[in-house]
Amino acid sequence: MKRFFTVLSEEDLEDWRRTHYSSQIKPDLNDDNVLVMGWVSSIRDHGNITFIMITDKDGEIQVTAKLDECGKILFDKIREVKEHSSIGVKGKVRMMQNAPNGAEVIPEEMKIFSIAKKVPPFQVYSRTVPNIDIRLDLRAIDLRRKVLRAVFNIRHNTLNAIREFLNKEGFIEVNTPKIIATATEGGAALFPIFYYDREAFLVQSPQLYKEQLTMAFEHVFEIGPIFRAEPSRTMRHLSEAISIDVEEIFVDYNDVINLLERMVVYIIEYVIKNKSEELEVLQNKIDKPSLPFPRYSYNELIELLKKEDERIEWGDDFSTDNLKKLGSIIQGYYFITDWPSISKPFYTKPKISDEKLCESFDLMYGELEISSGSSRINRKDKLLERMKKQGLNTEAFDYHLRVFDYGVPPHAGFGLGLERFLMTFTGVENIRDTTLYPRDKDRLAP
Ligand code: AMO
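Residues numbered from 1 in each chain as written. Predicted model: local features only at pLDDT ≥ 70, side-chain atom pairs only at ≥ 80, totals over all residues. Heavy atoms only, no water.

Some remarks on the confidence of the model for the protein chain
Where the model shows low pLDDT, its predicted coordinates should not be examined in detail.
Piece 1. Mean pLDDT over the protein chain stands at 95; residues scoring 70 or higher make up 97%.
Piece 2. Between the elements of the protein chain, mean pLDDT differs from a low of 93, seen in strand 9 (residues 198-202), to a high of 99, seen in strand 16 (residues 411-417). (pLDDT = per-residue confidence, 0-100. Helix = DSSP H or I, 4+ residues; strand = E, 2+ residues; numbered from the N terminus.)

Regarding the site of the ligand
Piece 1. As a structural note, the neighbourhood of the ligand is formed by 23 residues, with Gln207, Lys210, Glu369, Ser372 and Arg376 the closest of them.
Piece 2. Here an oxygen atom of the ligand sits 2.5 Å away from a polar atom, N or O, in the side chain of Glu369.
Piece 3. Taking Ser371, its main chain carries an N or O atom lying 3.2 Å from an oxygen atom of the ligand.
Piece 4. The fraction of the free accessible surface of the ligand (620 Å²) that becomes covered by protein chains is 92%.
Piece 5. Looking at the shell around the ligand, the elements that each hand over two or more residues are helix 6 (207-217), strand 15 (368-375) and strand 16.
Piece 6. Per-element accounting of the shell around the ligand gives the leading share, 5 residues, to strand 15.
Piece 7. Here the residues of the shell around the ligand sort into 7 nonpolar, 8 polar and 8 charged. (Near = heavy atom within 4 Å. Polar contact = N/O pair within 3.5 Å; in protein donor to acceptor, adjacent residues only side chain to side chain. Areas by Shrake-Rupley, 256 points an atom, 1.4 Å probe, with all protein chains shown as cover. Nonpolar A, V, L, I, M, F, W, Y, C, P; charged D, E, K, R; others polar.)

A few points about the layout of surface pockets
Using a probe with the size of a water molecule, rolled over the atoms, empty space left in the structure can be pinpointed.
Piece 1. The calculated volume of the second largest pocket comes to roughly 530 Å³.
Piece 2. As for the second largest pocket, its lining consists of 17 residues, and the residues nearest its centre are Asp58, Gly59, Glu60, Lys146 and Glu277.
Piece 3. Residue composition of the lining of the second largest pocket, grouped by class: 3 nonpolar, 5 polar and 9 charged. (1 Å grid on protein atoms, 1.4 Å probe; cavity = no way out; pocket = protein on both sides within 12 Å on 5 of 7 lines; lining within 4 Å. Points joined across faces, edges and corners; volume = space filled by probe spheres on them.)

Describing the pattern of salt bridges
Piece 1. Evaluated as defined, the whole model comprises 37 salt bridges.
Piece 2. For Asp58, the salt bridge goes to Lys57, with nearest N and O atoms at 2.9 Å.
Piece 3. Taking the relative accessible area as the measure of exposure, Asp58 reaches 35% and is therefore partly exposed.
Piece 4. Arg295 is the partner of Glu261 in a salt bridge, and the nearest nitrogen-oxygen pair spans 2.9 Å. Placement of the pair is Glu261 in helix 7 (residues 253-274) and Arg295 in strand 12 (residues 295-297), with a sequence separation of 34 residues.
Piece 5. Each member of the salt-bridge network shares a partner with another, and the members are Asp133, Asp137, Arg233, Arg432, Asp440, Lys441, Asp442 and Arg443. (Salt bridge = Lys/Arg side-chain N within 4 Å of Asp/Glu carboxyl O. Buried < 20%, exposed > 50% of the residue type's maximum accessible area, 1.4 Å probe, protein only.)

Some remarks on the packing of helix 5 (residues 146-168) against helix 7
Piece 1. Packing of helix 5 against helix 7 brings their axes to within 9 Å, and their N-to-C directions diverge by 135 degrees. Viewed along their axes, helix 5 and helix 7 adopt a mutual orientation that is oblique. Considering the relative orientation of helix 5 and helix 7, their crossing is right-handed. Contacts between helix 5 and helix 7 involve Ile154, Asn157, Thr158, Asn160, Ala161, Ile162, Glu164, Phe165, Leu166 and Lys168 from the first element and Leu259, Arg262, Met263, Tyr266, Ile267, Tyr270, Val271 and Asn274 from the second.
Piece 2. Along the lines of polarity and charge, the residues of the contact of helix 5 with helix 7 split into 11 nonpolar, 4 polar and 3 charged. (Axes fitted to C-alpha atoms, helices over the stretch in contact; angles between N-to-C directions. Parallel < 35°, antiparallel > 145°, perpendicular 65-115°, else oblique. Left-handed = near helix turned anticlockwise from the far one by under 90°. Contact = heavy atoms within 4.5 Å.)

Have a look at this one:
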């Protein structure tokens, strides 16, 4: 049979409006007229029958065009459509066991809103694509891949769970400045920026603001960006990450450890309940972790690592090799508590029984640190003393220190890195795939 190549033209939306999403195209709609829209994720041409998969936010719709059913003009037009094009199809639903949700659409009219003019340098159907930079260069298209849509749907669900959990616990959500005057997290480098005629910085952590806000609101949380000038490219560092910051009063680090582990379990239960399909796409079976998570003191782990012939001295932070070793011995979520005072930022409260140690913790998942927190110093003289010990210019912190003249209550809190936390239950190995548009030393666009 002679095939005429249609020159496709792009059409306007006009009065076309979607009547159903893919999730609604089911056998119970058999024979109903529908109008579906989305992007073309695959085309299979078998001569007299062509299958087009339209993908929308919920999933896929199979459109089955047969020459003898839809007529030559429409049939030829359908055969010319390219993957990724944005289209709308009017037609009738027909039961079809092998189609997604057990039903397909028999086309009667089609509009091509936008034609894809290029073939992307990766397949949307493949689970993994070798070079992440090729994907990141065309991230909006990369995000059309099923695995990544599953990851970001789970991310959305995780944020809902966090808000629901903290609401129930009596926390209020706040937003604090992202342009700041001074550093808070000693080791991590700052990004300087121009602020009118002065130098300012992008925030490393909402630490000091969340502490101050507990004076009026008692229990606060923030979900917001933190910026860290990380010199090296690793699978677990971003220059811009999202931190879940929590702070509350009249509690110490043990109380927030309990809160954090309950929150982790709440989120995982929530995701298992609401996002089972997405977890299946990721081929990631997760079990609800049991409470309480194991707790190890820093001193205990130093002993353990020394027994394993690891290079580490008391007072050191764990090196990448040390963490790998720990991860091979301890799986799942666990806490490392009571760190040396010198290894934690100035606001961390030393232990009353032994000032060399502080009331602090990290939440780990194997070798990955996902959160840290502590009891905070709430007395001005102690805070000044510790700042001086750490060689900080106390005058630069005047805006913060003056608050301590007005009775700051005992308080404690933590920061949980959202992207790293997501890695622990999505099975994603590179942190760049738990953030939409990752930033690192070499990447500033898209
Ligand atoms: P910390 O500096 O340990 O603590 O950061 C808290 C958590 O944030 C995440 N995180 C990062 N994630 C990706 N890329 C990065 N470059 C990066 N840096 C940090 C980690 C980390 O555990 N103010 C304290 C928190 C507190 O005590 O409340 C703080 O910022 O998951």
